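An overview of the molecular structure
The residues making up each chain are set out below.
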Amino acid sequence: MAAKKAERALVEEWRDILALHARTQCELDRVLHGHGLCASDFEVLDVLAEGGAADGGCGYRVQEISDRVHLSQSALSRLIGRLEKDGLVERAICPEDRRGVRVVLTAKGRALHGDVRPVQRAVLARMLDATG
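Reading the values: rules and limits
- Residues numbered from 1 in each chain as written.
- Predicted model: local features only at pLDDT ≥ 70, side-chain atom pairs only at ≥ 80, totals over all residues.
- Heavy atoms only, no water.
- Helix = DSSP H or I, 4+ residues; strand = E, 2+ residues; numbered from the N terminus.
- Buried < 20%, exposed > 50% of the residue type's maximum accessible area, 1.4 Å probe, protein only.
- Contact = heavy atoms within 4.5 Å.
- Areas by Shrake-Rupley, 256 points an atom, 1.4 Å probe, with all protein chains shown as cover.
- Core = buried A, V, L, I, M, F, W, Y, C linked by side-chain atoms within 4.5 Å.
- Pairing = 2+ DSSP bridges.
- Axes fitted to C-alpha atoms, helices over the stretch in contact; angles between N-to-C directions.

Here's the deal with the overall build of the protein chain
In terms of helices and strands, the protein chain carries five helices and three strands. Each helix and strand of the protein chain, placed in order from N terminus to C terminus, yields the pattern α-α-β-α-α-β-β-α. By residue count, 32% of the 132 residues in the protein chain fall in the buried class. Within the protein chain, residue pairs in contact and separated by at least 24 positions form 51% of the contacts whose partners lie at least 6 positions apart. Working note: accessible area of the protein chain is about 8,300 Å², and carbon and sulfur atoms make up 56% of it.

This is the structure:
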């Protein structure tokens, strides 16, 4: 009986986490839409703005971004394509590995990230404090 109760509590906690994630994602999408972004777009800009790729290079390889934003490579490639079309990022061949591609913020992307970052952080603070 106690094991069943513990299992039920575990499942309920997991579902609460999923619900919080879904509510937060929806709220981020809602507030970022006014800036021409969705939550995933901002996550990519945020990772790029942090700088410091694992190999010390400028920008990030697509795989490094994929590992941090939890998108498939194909979904991330499409997202990067949209950001590139909007002039927010640039793709360039890696000088150390001609098969690799690095993604970097443009000046426009850095400026937009700077404008939107406080908005995104405020949503996170509000949504995550609601659970406390």
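Regarding the nonpolar core
One recurring pattern in soluble globular proteins: nonpolar side chains tend to sit buried together. Judged by nonpolar contacts, the single largest core of 26 residues is most densely connected at L37, V44, L45, L48, I65, L83 and V89. In terms of residue count, helix 2 (residues 39-50) provides more of this core than any other element does, six residues in total.

Observations concerning the sheet that holds strand 2 (residues 89-93)
Taking strand neighbours across the sheet as the criterion, the three strands line up as 1-3-2 in an open arrangement whose pairing is antiparallel. Looking along the sheet, the strands with just one partner apiece sit at the ends: strand 1 (60-61) and strand 2. Where strand 1 lies against strand 3 (residues 101-105), two bridges are found, and the strand directions are antiparallel. Looking at the pairing, R61 lines up with R102 of strand 3. Seen against the sheet, helix 4 (residues 73-85) touches strand 2 and strand 3 and runs at an angle of roughly 115° to strand 2.

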